[in-house]
Amino acid sequence: MRSSSSPSNGPEGRPAARLALAATLAGTLLAASACAVGPTAAQPAAEVAVPVAVPSSAAPSSAAPTPTGAPAVVPDALRFTARTLDGTAFSAAALAGRPVVLWFWAPWCATCASQAWTVAEIAPKYRDTVPIVGVAGLGEQKAMRSFVTEFELGGTTQIDDRAGALWRRFEIVEQSTFLIIDREGKVVHQGFLDGEDLTRRVAALAG
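Residue numbers run consecutively from 1 along every chain, following the written order of its sequence. The predicted nature of this model means local features are confined to residues of pLDDT at least 70 and side-chain atom pairs, given and counted, to a pLDDT of 80 or more, with totals for whole chains, interfaces and linings taken over all residues. With hydrogens and water excluded, all non-hydrogen atoms of the structure serve as input to the side-chain values.

**Q** Can you walk me through the packing of aromatic side chains in this structure?
**A** Here a ring pair, both rings aromatic, is described through the centre-centre distance and the interplanar angle of the planes. Only Phe, Tyr and Trp rings take part, Trp by its six-membered ring, and two of them pair if their centres are within 6.5 Å. Stacked means planes under 30 degrees apart, edge-to-face means over 60, and tilted covers everything else. This structure, assessed with the given rule, holds 10 aromatic pairs. With centroids separated by 6.2 Å and ring planes inclined at 40°, the aromatic side chains of Phe 80 and Phe 90 adopt a geometry described as tilted. Residue Phe 80 is located in the loop between α1 (14–35) and β1 (81–83), and its partner Phe 90 is located in strand β2 (residues 89–91); the two are separated by 10 residues in the primary sequence. Exposure class is identical for Phe 80 and Phe 90. Each is buried. With a centroid separation of 6.0 Å and an interplanar angle of 80°, the aromatic rings of Phe 80 and Phe 170 are classed as edge-to-face. Taken together, the positions of Phe 80 in the loop between α1 and β1 and Phe 170 in the loop between α4 (165–169) and β6 (177–181) put the pair 90 residues apart, joining distant regions of the chain. Residue Phe 80 shares its accessibility class with Phe 170, and that shared class is buried. Think of it this way: any DSSP run of H or I at least four residues long counts as a helix, any run of E at least two long counts as a strand, and we number them from the N terminus. Three exposure classes are used, based on accessible area relative to the maximum for each residue type with a 1.4 Å probe and protein chains only: buried under 20%, partly exposed in between, and exposed over 50%.

**Q** Would you explain helix α3 (residues 141–150) in this entry?
**A** Every α-helix carries 3.6 residues per turn, so stepping three or four residues along brings you back to the same face. Along α3, the residues that are buried comprise Met 144, Phe 147 and Val 148. Relative to the axis of α3, the buried residues are bounded by an arc of 95° and lie together on one face. Exposed residues pointing more than 90 degrees away from the buried face of α3 are listed as Lys 142, Thr 149 and Glu 150. The criterion used for residue contact is that any of the two residues' heavy atoms lie within 4.5 Å. The inward-facing, buried residues of α3 contact β3 (100–105), α2 (110–122), β4 (132–136) and β5 (158–160). In the stretch just after α3, Glu 152 is the one whose phi turns positive, near 55°. It is the directions from the helix axis to the C-beta atoms that the arc portrays.

That's the geometry; what it means functionally is another story.
Following this line, the structure appears as structure tokens:
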């Protein structure tokens, strides 16, 4: 038997119970809405930029801007760093967006010596359009520096690769070898070039 003394069960108590229930539901909805708000109340959470870790093999590095003004994407072929013969830090990523010539030479190599004059002659002319970068290996640093001085290569970047890291990376098995990388980062030549052929290829790439 129901007690007649409980005001919530009588007809006059039901509106009050309904109002209490409505207030409770409204408070719950407001709390849930507050949890869904992003960093700023005016910006939807879906539009908030969240930093995402990208593998280095896929993430473009900062490089020289393209003709459109956007930074060039660094291809795998130019994802390496080194030290030059004078101890300066070198990052190949800075060359992205341009054709690049890597010249693998040794200080005791007679063929390299014959090609050095051509490199010394054309490298300054094409420094901004088709950079030529020497990669010295298979010798002592003192001999490498003497080679650069003798053949007037001081105005051209010369990497100290006595450890052979870049020679192994590009699978260079003999000297003198020229490795040409096009604007898209594709290796379009790897092998011997005489002075005339090197000059012709570099001029064509610059055009």
